[in-house]
Amino acid sequence: MEILVCVKRVPDTSENEIEINSSGSDIQRDDLVYSVNEWDNYAVEEAIQIRDNVGGSVTVVTVGDDDAEEVLRREMAMGADKGVLLKDDAFEGSDGRGVAAIIKGEVEKGNYDLILTGAQADDGAGQVGGMLAAMLDMPFASLVNRIDVVDDKKINVGREIAGGNQEMNEMSLPCVLSIQTGINEPRYVGIRGIRKVASVEIPVKGAADLGVDAAVIGAANARVKRLDYFVPPAGEGAEMLEGGVDEIIEKLIDMLKSKGGIK
Amino acid sequence: MEPALIPPAHVTFLGIPGAFFSVLIPVVGVALFTYIMAKRLAPMVLAAPDFRFDRVKDRVAAVIKLWLGQFKQPRYRTAGILHIMIFAGFIILSLRSISLVIIGVSPDFHLPGMAGGPGHVYNILKDYAATMVFIACAIAAYRRAIVKPARYAVPEKYGHDHTGEAIFVLGLICTLLISESLFEATAVVGNIQAGLPVEALAPLTLAWLFKLMLSGAGTGALQGLHTAGYFVHDLTFFFFLCFLPLGKHFHVITSIFNVYFMKLDRGAVKPVRHGVSEDKLDELESFGVKKFEDFTWKHMLDFYSCADCGRCSDQCPANAVGRPLSPRFISIKARDYAFGHYPLRGPFKSGEPLIGGIYTEDEIWSCTTCGACEEECPVTIEYINKMVDLRRGMVDEGNVPQSLQKPLAALEKRGNPYGKMEKKRAEWVKALAKEGGPEVKVFDGGDTAETLYFVDSVTSYDDRIQEIGKATARALSAAGVDYGILGSLEKDSGNEVRRFGEEMLFVELKEQNTEAIFESGAKRIVTADPHAFNTLRKDYKGLPPVEHISQFLSRAIAEGRIKLKAGEGEGNGEGAVYTYHDPCYLGRHNLLYDAPRQVLDAIPGLKRVEMTRCKDRSFCCGGGGLYLFYEPIEDRRMGQVRVEMAAEAGASVIVTACPFCLVNIEDGIKTSGMEGKITAIDLVELVCRHMDVAN
């Protein structure tokens, strides 16, 4: 099975303190560390496991700048066979539709049976997977937490529904799935793994290579435009506890006790 | 002078002289033994290299102390004394056994120098030795069969019970002793009956007893017992020799070699592969131990040398709290694997993965590398290096628990397992200054100083543990030391990173720290973190001398640079009973048992008690560094068990000298419901509380 996994380089939420810059145009980016979007990591692990079971290959693709190459290498160290970097000045500022259109170009250049994305990105809006499926006119399932390969034409995909129950759906290939965390346990990638793939050539493709419709990409064509970032004012009943960890915990316990939350 | 009874060499069976059998039995026995040993050595030939041929003096000293001197044995009193009796007896009787083999051919043979007086002395000695071994074996069999000490039990998941094998071997030894004594006693009785002069048998020995019992026996019976005694001994001796390499009694042969080739450096970790330098690590195709043949030959010798005594597991804190790890079975399972895959007959089977085979992932992650097992093992089997090697193998396969992946990724990106920003590493220094404490120099701001205080991650970032950092700074300042910290240039020391098998990440951290330390120009390093202390001393190369704060404090107090006063009033130590918990990486791995106790005892009026498990038998708190993130399968927390031990000793304050011990023990106090009854404090915090600054 030929599998394409779309990945994204994002500021690592567990290793950064995300703060908004003074103008409200963006978060403060100096001193940030980046990693692979967590959901994407699960998608790649799932793709590798499927490939190991039924054969085929796994390609990871990302839309980004030169720095984005590091996440492709990390996923290749995990076990993906190929990486493709989609990079073009024209891509900058694209909204979700634009990114989906760029990836569509890569999908059409290949011969993929299965396209996986993360259910969402730490810094995203969770829209690329669905849009990509629509543009490709492929079946789409979101928040997938289980994939059973039936044959080379069909898969069964599971989703968790309320109450911890599981839903199973039959889908024909090719299709697009957005993957939920918890579908597997992604393997660890150490420095050694990354060094092993450090010299593997990663092809870079631009708008012309992909045949992307210039009318949908770039900041100018974005239909969703970001206006502002700000910290919402505390609403009624909301309170920010301040002080050291112990202090905060003590205050919280007092509050829970006084409001009858705990005895 | 001809003896009254015909010696075994001259008796005939169906016309064949006894000497024929006396030659045949040893020849067949030795041939078979050689064959078995060749099979046993086969996996060791395929094994990874291990450089253990250096430091001959240290190694001979170890053999004299640990093997010949049986130094570790009395740590378990009854079993230890029994073993020393049997071991000493074996050493003495080995000469007799050698001469007996030759006597089967040449009846008048004496070992060189054993013909006259020394021979008489030796005969008395060996008769007492045989009797001593006999008594020891009888008691040992009684213990095995009736008393059944808990540590010998084999939990179901680890296979079948080993009592049968133990008792069978004790039986073999007794057979040897009885047959030899019979052979000797019958000769004496025969000579007495024939009116020939005899050598007096030592009273109250087995031979002496048989002499009394047989004094009225007829010549025929005596002759029969004499010949039978000899050949039963001969057969049993060579059977025993060939039986040794088939089970736990292999240690009789291997232990001397195992001790000679023992790990000599406490706290250190073996290189990924001996003979491959750090800059060539990238060229290695595989890391660590994935299959049996990835173990080094010495580690295989360890497996062969395990006597199944259960002391390691009896001391193992992981085993004590119900984690799926029992060091004894790390050895026994691997030994059984070796026997099964390198059989005496049939083809060898190699290359099966160990994880998922004989070991489970949780089993290998359960070890805190506290070293209690290695401290206890009478034959110096090592475990930490094997755990690290097995983890290196798992890390190389991407097989790392999810709970550890985040902190490892954070260490790679931020140099600390919490994922906190580098620039916040020295924030505690600002807090200290705000509290009216001393100004601490920070090298990344361009300061320089004689002494570098290596803080490490937990002390830099953990709210509670920052207090240890502040106290360390106060103590250093009070003693007039010119010191500073690396600040954002400092990375995690990597002690646990290395011991969790992430060698390449460790190498990066080490290189960054080494460079920063050299850049700082500091002449000496002091740290309050035993894990940093250990790795800077053992894993880093060429650094300025490293000292733990307890060493520094002990010296500063002795020199009068720090003066201590008694605590006044409740809450300040009055009426409190203190106990000192030895951190594994300070005690067992670096032998610092006395300095912290000297510091405690220098506090006027301080009352201190010892826990039963202290010093080299200290009970691990649960582990440091990445262990704070690992989620083990366990019934209870080690920290909680440790707190209960302190309560049992009658202590109301647990003093430790390691940030991780403090974290785990404070947690243990909470989970055991001892809040208000017991408190925990770091040594340097306690010193600060008692510092007499006015003088």
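Residues numbered from 1 in each chain as written. Chains lettered and ligands numbered in written order. Predicted model: local features only at pLDDT ≥ 70, side-chain atom pairs only at ≥ 80, totals over all residues.

Asker: Would you mind going over the overall build of chain B in detail, with residue names and values included?
Answerer: When helices and strands are counted, chain B shows 27 helices and eleven strands. Taking the principal axes of the C-alpha coordinates as reference, chain B spans close to 100 × 60 × 45 Å. By the burial criterion, 48% of the 695 residues in chain B qualify as buried. Within chain B, contacts between residues at least 6 apart in sequence are counted, and of these 79% link residues at least 24 apart. (Helix = DSSP H or I, 4+ residues; strand = E, 2+ residues; numbered from the N terminus. Buried ≥ 20, exposed ≤ 12 C-beta atoms within 10 Å, placed from the backbone. Contact = placed C-beta atoms within 7 Å.)

Asker: Break down the interface of chain A and chain B for me, citing the residues and quoting the values.
Answerer: Between chain A and chain B, the residue contacts involve 18 residues of the former and 23 residues of the latter. Element by element, the count of residues in the side of chain A that touches chain B is highest for helix α5 (residues 191–196) of chain A, at three residues. Among the residues forming the side of chain A that touches chain B, the class breakdown is six nonpolar, four polar and eight charged. (Nonpolar A, V, L, I, M, F, W, Y, C, P; charged D, E, K, R; others polar.)

Asker: Give a detailed account of the domain arrangement of chain B, specifying residues and quantitative values.
Answerer: Residues and elements named next belong to chain B. The domains assigned to chain B are domain 1 (56–260), domain 2 (415–558) and domain 3 (577–689). A C-alpha centroid distance of 22 Å is found between domain 2 and domain 3. Taken together, the 27 residues of domain 2 in the interface contact 28 residues of domain 3. Among the elements of the structure, α18 (457–461), α19 (466–478), α20 (495–499), α22 (530–538) and α23 (549–558) are those that each provide at least two residues to the side of domain 2 that touches domain 3. Broken down by class, the residue content of the side of domain 2 that touches domain 3 amounts to 14 nonpolar, nine polar and four charged. (Domains from an automatic or database assignment.)

Asker: Outline the domain arrangement of chain A, listing residues and values.
Answerer: One frequently used descriptor of interface size is the decrease in accessible area upon assembly of the parts. When the domains of chain A are assigned, the result is domain 1 (2–221) and domain 2 (237–263). One C-alpha centre belongs to domain 1 of chain A, the other to domain 2 of chain A; they are set 40 Å apart.

Asker: How would you sum up the environment of E2(B)? Please name residues and give values.
Answerer: For E2(B), the position within the fold is in the segment before β1 (12–13). Separated by 459 residues in the primary sequence, E2(B) and Y461(B) place their C-alpha atoms 88 Å from one another.

Asker: Can you break down the environment of C373(B) residue by residue, with the values?
Answerer: Residue and element names in this part refer to chain B. Secondary-structure assignment places C373 in helix α14 (residues 372–376). You can call C373 buried: it has 27 C-beta atoms within 10 Å. Taking the C-alpha atoms as reference points, C373 and S313, 60 residues apart in sequence, are found 6.7 Å from one another. Not counting residues up to four positions away in its chain, the partners in contact with C373 are C312, Q315, C316, P327 and Y383.

Asker: Could you give an account of the sheet that holds strand β5 (residues 483–485) of chain B, naming the residues involved and the relevant values?
Answerer: Residues and elements named next belong to chain B. The sheet built from five strands is open, its strands ordered β3-β5-β4-β6-β7 with parallel pairing. Looking at which strands have only one partner, the edges of the open sheet turn out to be β3 (441–442) and β7 (546–548). Direction of pairing for strand β4 (residues 451–454) relative to strand β6 (residues 524–527): parallel, over a ladder of four bridges. What sits directly across from F454, in β6, is T527. (Pairing = 2+ DSSP bridges.)

Asker: Run through the sheet that holds strand β8 (residues 154–161) of chain A, naming residues and quoting values.
Answerer: Residues and elements named next belong to chain A. The strand order across the open sheet formed by nine strands is β9-β8-β7-β10-β6-β1-β4-β5-β11, and the pairing between neighbours is mixed. With one partner strand each, in any of the chains shown, β9 (165–172) and β11 (204–205) form the two edges of the open sheet. Of the strand pairs in this sheet, strand β6 (residues 114–118) and strand β10 (residues 175–179) are connected by five bridges, and their pairing is parallel. Directly across from L114, in β10, lies its bridge partner C175. Against the sheet, helix α2 (residues 69–78) contacts β4 (57–63) and β5 (82–86), and its axis sits at roughly 165° relative to β5. (Axes fitted to C-alpha atoms, helices over the stretch in contact; angles between N-to-C directions.)

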